[in-house]
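# Examination of the molecular architecture
Single-letter residue listing:
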Amino acid sequence: MKLRYASRPSASLILVLFFSLCVCAQESPNGNAPHKDYRPRRLLPTQPPNTHFQLKPADEIGGTLNPSELVIGVTIGDEARAYPLNMLSGPLRGIVNDTLGERPIAATW
Amino acid sequence: MYARDPNRRNLTLGVSGMVWNRNLVMYDAETKSQWSHLLGEAMQGSMRETQLEQIPSVMTTWKSWRSRHPQTTVLWLPRSSREYQLEFYRDPKKFVLGLADSNPPQAWHFEHLMQEPIQNEEVDEQPIVVTFDPDSVTARAFSRMVRGKTLDFERDARGFLDRQTRSLWDRISGRCVDGHYEGESLEPRLAMVSFRQTWITFHPETQFPNQNPQD
């Protein structure tokens, strides 16, 4: 199965695809046979992995995050990191590839 | 929250644009295997049946997190939403805390946790405590075992106490802030906040310990 790295689609196109009830043909499996109940449906073009983002220390946040904004908090070893849900949500953000406490992690919700 | 180094091989995960059972399918750039986000398992490709390790995490407010982790860093991207503030929980009945790794699945309604914020349980023969902080609407699950001993907890206005030593623990971090166990932290259990309806759809066999039957 060849993955196509689409150029960034417009927001309205994404919304149409995301909410569409009509589905494109299923991906035909290649390589190892899939899990027997596994029948994925395509809603959007494949997104390139998210590997670029900023990391800010708490001191730099100030009022740019509301105290009541929801975050996912993770600690690994001595390191603590907050992932604001408002920055992780939506089909374009779904997964962020990060490293924390020298462990590679996928921040996802 | 997953570690992305199964079998010590670092993977770079992306959104495949596909869904399975209305749940996100991920892919890894290295092998192009497809992964169920819900199960954390590769469903297709050379990594099929490989399981990603889940990392404990907490869903809470920035204020609560920052006060407990003053040295925290913060992921920063332009916001894609404004929805996820405390008002997201304006109808707490809609939410449950589900244990990700129990068999059968166990969950606690937020509505119940608001009444009984500290729950001592045994799940799969392991003693756990479920905690709820109403100010930040934070729900967590921790092991009750500390240094080989099983503790029993009760509520306190400042957090929660173990009956054995009357030490004071923090509901959000699971850390002991005062008393015999000061500095000790309870081991978190893998638990997720979910819409009640979504959780029940994916885990219809869920048990709700000590709670009135719903649905």
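These figures come from a predicted structure and were not determined experimentally. (Residues numbered from 1 in each chain as written. Chains lettered and ligands numbered in written order. Predicted model: local features only at pLDDT ≥ 70, side-chain atom pairs only at ≥ 80, totals over all residues. Heavy atoms only, no water.)

### Let's talk about unusual backbone geometry
All names here are of chain B. Looking along the chain, the bond that leaves N103 and enters P104 is cis, with omega of 0°. Residue placement: P104 occurs in the loop between β8 (95–99) and β9 (107–109). At D124, a position not held by glycine, the phi torsion is positive, near 50°. With a phi close to 50°, V137 is a non-glycine residue in the positive phi region. Examined against the element boundaries, V137 turns out to sit in the loop between β11 (126–133) and β12 (138–143). (Helix = DSSP H or I, 4+ residues; strand = E, 2+ residues; numbered from the N terminus.)

### A short note on the sheet that holds strand β6 (residues 103–108) of chain A
Here 3 strands make up an open sheet; going across it, the order is β5(A)-β6(A)-β1(B) and the pairing antiparallel. The sheet terminates laterally at β5 (95–100) of chain A together with β1 (2–3) of chain B, the two strands that pair on one side only. Here β6 of chain A runs beside β1 of chain B; their pairing, made up of 2 bridges, is antiparallel. Bridged to I105 of chain A within β1 of chain B is A3 of chain B. (Pairing = 2+ DSSP bridges.)

### Notes on the confidence of the model for chain B
When pLDDT is averaged along chain B, the result is 94, and 98% of the positions lie at 70 or above. Predicted complex metrics record ipTM = 0.94 and pTM = 0.86. (pLDDT = per-residue confidence, 0-100.)

### Re the side chain of S89 of chain A
Tracing the chain through its elements places S89 of chain A in the loop between α2 (85–88) and β5. Beyond its immediate chain neighbours, meaning those up to four positions away, S89 of chain A contacts S80, S81 and Y84 of chain B. (Contact = heavy atoms within 4.5 Å.)

### Describing the packing of aromatic side chains
Scanning all chains against the criterion turns up 13 aromatic pairs over all chains. Between Y38 of chain A and W20 of chain B, the ring centres sit 5.4 Å apart and the planes meet at 75°, which makes this aromatic pair edge-to-face. Remark: W20 of chain B occurs in strand β2 (residues 13–20) and Y38 of chain A occurs in the loop between α1 (11–19) and β1 (41–42); the pair is interchain, linking two chains. Just as Y38 of chain A is buried, W20 of chain B falls in that class too. Every member of this aromatic cluster is reached through a ring pair, and the members are Y84, F88, Y89, F95, F110, F132 and F195 of chain B. The ring of W76 of chain B is capped by K56 of chain A, whose NZ or CZ atom sits 4.2 Å from the centre of that ring. (Phe/Tyr/Trp six-rings, centres within 6.5 Å; stacked < 30°, edge-to-face > 60°. Buried < 20%, exposed > 50% of the residue type's maximum accessible area, 1.4 Å probe, protein only. Lys NZ or Arg CZ within 6 Å of the ring centre and 35° of its normal.)

### Comments concerning the interface of chain A and chain B
Interface size is commonly expressed as the accessible surface area that is lost when the partners come together. Contact with chain A, which involves 72 residues of that partner, is made by 61 residues of chain B. Taken together, the two surfaces of chain A and chain B that pack against each other cover about 6,300 Å², and 60% of this comes from carbon and sulfur. Looking at the side of chain A facing chain B, the largest losses of area belong to Y38, L70 and N86 of chain A, adding up to 12% of the total buried there. The interface formed by chain A and chain B holds 4 salt bridges in total. A salt bridge links R79 of chain B to E69 of chain A; its shortest N-O distance comes to 2.6 Å. Remark: the boundary between chain A and chain B carries 42 residue pairs in polar contact (both at pLDDT 80 or more). Sorting elements by how many residues they give to the side of chain A that touches chain B places strand β3 (residues 70–76) of chain A first, with 7 residues. Its residues assigned to classes, the side of chain A that touches chain B comprises 40 nonpolar, 20 polar and 12 charged. (Buried area = accessible area lost by both parts, 1.4 Å probe. Salt bridge = Lys/Arg side-chain N within 4 Å of Asp/Glu carboxyl O. Polar contact = N/O pair within 3.5 Å; in protein donor to acceptor, adjacent residues only side chain to side chain. Nonpolar A, V, L, I, M, F, W, Y, C, P; charged D, E, K, R; others polar.)

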